[in-house]
Structure formats: structure tokens, C-alpha cells
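Structure assessment
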Amino acid sequence: MSRLFFDFHDGQAFLRDPIGFECSDREMIRNEAVRALSLMAKEIIPENGETQAFTVVVRNAANATVYTATV
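Structure report, in brief. Only a predicted model underlies this, so the values are computations on that prediction, with no experimental measurement involved.

Things to note about the overall build of the protein chain
A tally of regular secondary structure across the protein chain gives one helix and five strands. In sequence order, the secondary structure elements of the protein chain are arranged as β-β-β-α-β-β. Seen through its C-alpha atoms, the protein chain measures out along the principal axes to roughly 40 × 20 × 15 Å. Here the protein chain, with 71 residues, has 32% of them falling under the buried criterion. The contacts of the protein chain with a sequence gap of at least 6 include a subset with a gap of at least 24, amounting to 42%. Summing over all exposed atoms, the protein chain offers an accessible surface of approximately 4800 Å²; the carbon and sulfur share of this is 54%.

Description of the nonpolar core
Core analysis: the largest hydrophobic core is formed by 15 residues, its most contacted members being F6, V56 and V58. Contributions of two or more residues to this core are made by β1 (2-9), α1 (26-44), β4 (55-59) and β5 (65-70). Broken down by element, this core gets its largest block of residues, six residues, from α1. Excluding its chain neighbours within four sequence positions, the residues that come into contact with V56 are F6, D7, F8, A33, L37, Y67, T68 and A69.

Focus on the pattern of salt bridges
Oppositely charged side chains can pair when the atoms bearing their charge come close. Taken as a whole, this structure holds three salt bridges when the rule is applied. Note that D7 is salt-bridged to R59, the shortest N-O span being 2.5 Å. Placement of the pair is D7 in strand β1 and R59 in strand β4, with a sequence separation of 52 residues. With respect to burial, D7 and R59 carry one shared label: buried.

Considering the side chain of E32
Residue placement: E32 occurs in helix α1. A polar atom in the side chain of E32 sits 3.0 Å from the side chain of R35.

Points about the packing of aromatic side chains
Under the defined criterion, the tally for this structure stands at one aromatic pair. Measuring from centroid to centroid gives 6.2 Å for F6 and F21, while their planes differ by 85 degrees, and the two rings are edge-to-face. Of this pair, F6 sits in strand β1 while F21 sits in strand β3 (residues 21-23); the two residues are 15 residues apart in sequence, bridging distant segments of the chain. F6 gets classed as buried once you look at its relative accessible area, which sits at 8%.

What counts and what doesn't
- Residues numbered from 1 in each chain as written.
- Predicted model: local features only at pLDDT ≥ 70, side-chain atom pairs only at ≥ 80, totals over all residues.
- Heavy atoms only, no water.
- Helix = DSSP H or I, 4+ residues; strand = E, 2+ residues; numbered from the N terminus.
- Buried < 20%, exposed > 50% of the residue type's maximum accessible area, 1.4 Å probe, protein only.
- Contact = heavy atoms within 4.5 Å.
- Areas by Shrake-Rupley, 256 points an atom, 1.4 Å probe, with all protein chains shown as cover.
- Core = buried A, V, L, I, M, F, W, Y, C linked by side-chain atoms within 4.5 Å.
- Salt bridge = Lys/Arg side-chain N within 4 Å of Asp/Glu carboxyl O.
- Polar contact = N/O pair within 3.5 Å; in protein donor to acceptor, adjacent residues only side chain to side chain.
- Phe/Tyr/Trp six-rings, centres within 6.5 Å; stacked < 30°, edge-to-face > 60°.

As C-alpha cells, then:
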């Protein structure tokens, strides 16, 4: 299991994960990224019909990107 960091970007703000999360495999990384994106989108989607993208970048302790997802 390795500690990975889930950083978020909404097109305006970038939130860097300072704590991280223990993930055992790529499927777990994907599931956590998708879960987090769905929660973020549910809370922040614009009500005025504007287009909005949310991205999660998962990085390892060496700051290398290991997974990226956008909704």
C-alpha cells in the first residue's frame, strides 16, 4: 500500500492534498478519484447552466502523477 495525494482543480482554484490516502491498487485509486469528483461536482455544479470541469490529479510521494480524472 502506498500513500497517494488527491489534488483538485475546478478551473479556478487548485486544492493540494497535504495528507494523502493509502491506496492498495489502481482500481482503488480510480474508485476514490471518481467518488471524490462526484461529491465535488454535486456540491459545486453551477446553477446558471455554465459549463464546469472538475479534475483530480493523483500523485505519489515523489510528486509523480499516477492517475488523472476529469468530470
